Every structure is written in C-alpha cells, then in structure tokens.
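Summary of the model geometry
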Amino acid sequence: MDVEEAFKVIGEFGPYQKRAVSVLVLTQLYMACQSMLIVLIGVTPEQESEEQAGVHRVASKDNSESIVAEWSLIEQQAYKVSLAGSLFFVGLLVGNVVFGPLADRIGRRPVYLTGLFFEVLFGYLSAAAPSYEVFAVSRLLVGVMNGGIGVVCFVLAQEYVGRSYWAITGTLTSMMFAVGIALFGLLGFFIRPWRSLAAAANSSGVLFFLLSVTLPESPRWLYSQGCTEAAEEVLYLIGRSNGSSSKKVVLQAAKAGPPGSRGVGVMQLVTHPVLRVRTMVLMYVWYACSLVYYGLTLGAGATSGSRFVNVAMYGLVELPAYPLCMYFINKHWAGRRRSMAGFLGMAGTACLFTMLVPENAGPWLNMTSLALLGKLMVSAAFNIAYVYTSELYPTVIRNAGLGVCSMSCRVGGILAPFVPSMRALAASMPFTVFCLSGLSAGCLGLLLPETLHRPAGETLEDLSRPQRSRVLESKALLYEDGKHGSSHK
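Attention now goes to a nonpolar patch on the surface. Nonpolar side chains collect at one region of the surface, where Val90, Val94, Val97, Val98, Val411, Ile414, Leu415 and Phe418 lie side by side and expose about 610 Å² of accessible area between them. Only helix H4 (79-106) and helix H17 (398-415) provide two or more residues apiece to the nonpolar patch. Broken down by element, the residue count for the nonpolar patch peaks at four residues, all from H4. With respect to the helices, strands and loops of the structure, Val90 is situated in helix H4.

Structure (structure tokens):
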C-alpha cells in the first residue's frame, strides 16, 4: 500500500494526530505575537521632549514605554521604527526561500525544531537589546526563523494527517494566527513596558518548543525519500496511539526515479514544465493576496481609538473568513480552485465599489465597511491559497513550492505601504490597484487544476500522470466536476 492507503488503515485524524496538529497549530499564537510585536512596542507615545545632559529624550505623557521613548526615535530618527518592521519582513522573505528547500532535503522535523529554537533565542535578544542596532538585527533574525518555520509548520500539520483532512488543518493554522494577533493586543493592554511585553510574548515559544520535541518526522517525507522502513515506523507509532492498528503497515517500495531525484531542488520549479506554469500562476496569486490584504489593512486601520483594540480587531475581522473556507472548498461544485478565484473576485469587487459609494452613504454602506469586506474576502482567498498550493505540489518539493510562493507574498507585502501614496495621482488610484489585482489573480487562478477528491502527489513522477499533470482546466473537466465529487463521497 502507499502512504495514503496506510493513513486510512491507521486513522486519518485520530487522537495522536489531533495532539500533534494541536501543538503545531497553537505554535501560530507565538508566531503571530512575533509578527505583530513592532506594532505595539514601536508606537509613538504622546510625548514631551526634554534635554538631559545635552541629549534629546522623549518622555511619555501616559507613562507608556516603547522603543521610541527609550531610544528617542523621533524626527530624523523616526524612520528607524519602520526600518525595524521592514527588516522583520525581509527576514520572512529570506526564511521562506531558504527553509523551504532545506526542509525538502534534510527533513521537516530538524528544520522546524532548529528554526523554532533560534527564533525563541533571538526573541529574547530583542527584549534585552542594549541598543537600537542590536534590536534591529535581532528582528531581522527573528523574521528569518519565523518565515522559515511558518512554511514547515504548515506542511507538517498536513502531512501528519490523511489527505481528506488537509483543508481542516490548513484552515485551523490560519485561524489560530488570527487569534494570536487578537491575543497579542490583549497582552499589550496588560503589559505596557516594551521589554516586558517582548519577553512575555516570546516566552510561549519555549513551551511550544518543548512540546514539539516529541513530534516525529513526516511519514510522507520519509516515504518520498525512499526511507520506507522509517516511514512504516512512524505510521505504526501513529496507528498504535490511535488504537486502530496493532500490526505494522507495509508500504510498497517507493519508486527510485531518475538519478538525483532524492535531491530535488528549487530549480525543478523552473525546469519542470508542469511545475513551471503552476508556480508562475501561484506566485502572482500569492503576490496579489498579500498586496490587497496589507493594503486594505492599512486603509481600514487608519482610525482613531485604542491601539490595543485596533490590533485585536485586526485579527478578529479575519475569523469569519475561515468557516466560509471550510464550507466552500469541500463542496464539489466549488472546490479549491473556484472558491479561491471567487473570493479574490469578490475582494476586487468590494474595492471597486469603494470608488463608487458616496462619502456620506450611511453607517453600514461606506468606504470603511467595504474595505473591511474586501479584507474579509481576501483573507479567505489567502487561506485557500495555502491549502491549495500544498496540494498542487508533490511531497518532494512541497516546501520549496510553498517557500517560493511565500517569497512572492512578501514582495506584495513590502509594496503594499507604497500604494496609498498613489492618491497623489488620483484619489481612487489605490483602490483601482487593489481591484485590478484581485480580479486578475482570480481569473488566473481558474487556470489551475482542481485538487478536491484527487490523490496527492508524492514524487515528481506522479506529475506525469494525466490527472495530475493537467495545468489548464479543460471545458469537459469543468462539466464533470460533479461526477468526480459524487464518486468519492
């Protein structure tokens, strides 16, 4: 039997997998805190300037503490706050590119544990930084580790379970990240000193690292590398813990493939004809998701009020998107492809209507509500993109594919803050960019093949099968989707 059949024997989502996935999903709480850290500790307080021994310092009127107050990051030095945030995102980009292919080569578990250990270490360095320079470097290093283990953590959570549960684990991972953002806002409300807040937000990483040490290697990765016996050992451990199998499952020998196939690298995304087209389409989809998501967040978040409430709302507004995803992507008439394209299209349409609605249209139908609706829709599309992308790539190159797509995502996030400045050309220009990005990405997404109720690929050779190597959906297949869905229920 192959790995997918083995999961049906030992249990696709039994008690053991639920515990393992819970650890990985809850780790997103820690990763969200690190991602949002600069939002609270880099806030500029209501200030009173004072001179002490010839040094210009900032004193907060409300007794709040931040890196701005401690290192006087005002006036000509104010750019350093944004620079620290940008360095974190640059680190995310580097981590996506480096850790993805590395996990495909040496394994998910060692890369994940090493990255999490060093992220916690560098996180404490941020909290104890004696100078801004040390703080900025530590944020870059935290970003590298955060970006790297984010991809590996997501893939591990899926590869521990049966194929039919990938959508659920992927959605739970994204949902917990949004919850982590909201909880960080709550944590910041109770802990005001920035060093104490940074240390408290980082401390949960220690717990998740200790829990993660007990996690096994991905049986899918072991099988894809030809380590059949090791994969059988992990599957036996899962089955015994689930109470569904007292005997060892016997896997069929993995196909050897051409020489060097076990060292599949990121270049296969360029040289392989099927992967090349899929990667180009997916990179644009991820880029557009990031550009629209962060661009709308900046526009919708420009409101007065408590910064802690704003941070919490930044996460909570995403939560309704995930039940929508779980409902639509498992329906044969919607699936992954149509759901992702539909949500992107609705996000673009919401941005279009922001340009048509009068300024005083009412409390419910105005620019802010439409922008938040657009953010809700693009959050749903973003979540589906994670699940869908992991299904479109075979196991041997899944991390590399997700890493490259995540890199494209970071580029969109870096460019997003510059889009609002296009108001100098025309007031509606920013929403025009978001509208066109969402609609074009939705249309391109329709070119990808549907993956619902279809077997996951393990090796590059699996892509040569007609059902998996299809790059563009044919008209005949679109009409047959209902048949495929009903035959697998």
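Read on, since the account is not over.
On to the environment of Thr432. Considering the arrangement of structural elements, one finds Thr432 in helix H18 (residues 429-445). Considered as a pair, Thr432 and Thr354 are 78 residues apart in the sequence and their alpha carbons are 9.5 Å apart.

A word on the packing of helix H6 (residues 132-159) against helix H7 (residues 166-190). Following both chains from N to C, one finds H6 and H7 inclined at 145°, their axes separated by 8 Å at the closest point. Taken as a pair, H6 and H7 cross one another with a handedness that is right-handed. Facing H6, whose interface residues are Phe154, Ala157, Gln158 and Glu159, H7 presents Trp166, Thr169, Gly170 and Thr173. Grouping the constituent residues of the contact of H6 with H7 by class yields three nonpolar, four polar and one charged.

Locating Ser224 in the fold gives a position in helix H9 (residues 219-224). Classification of Ser224 by relative accessible area gives buried; the value is 9%. Setting aside chain neighbours within four positions, we find Ser224 in contact with Thr395, Val396 and Glu458.

For the rest of this paragraph, the subject is H17. Between its first and last C-alpha, H17 extends 26 Å over 18 residues, near the 26 Å set by a 1.5 Å rise per residue. Here H17 lies mainly inside the structure; 14 of its 18 residues are buried.

The rules behind these values
- Residues numbered from 1 in each chain as written.
- Predicted model: local features only at pLDDT ≥ 70, side-chain atom pairs only at ≥ 80, totals over all residues.
- Heavy atoms only, no water.
- Patch = residues over 30% accessible without salt bridge, like charges linked within 9 Å, V, L, I, M, F, W, Y side chains within 5 Å.
- Areas by Shrake-Rupley, 256 points an atom, 1.4 Å probe, with all protein chains shown as cover.
- Salt bridge = Lys/Arg side-chain N within 4 Å of Asp/Glu carboxyl O.
- Helix = DSSP H or I, 4+ residues; strand = E, 2+ residues; numbered from the N terminus.
- Axes fitted to C-alpha atoms, helices over the stretch in contact; angles between N-to-C directions.
- Left-handed = near helix turned anticlockwise from the far one by under 90°.
- Contact = heavy atoms within 4.5 Å.
- Nonpolar A, V, L, I, M, F, W, Y, C, P; charged D, E, K, R; others polar.
- Buried < 20%, exposed > 50% of the residue type's maximum accessible area, 1.4 Å probe, protein only.
- Expected span 1.5 Å × (residues − 1).

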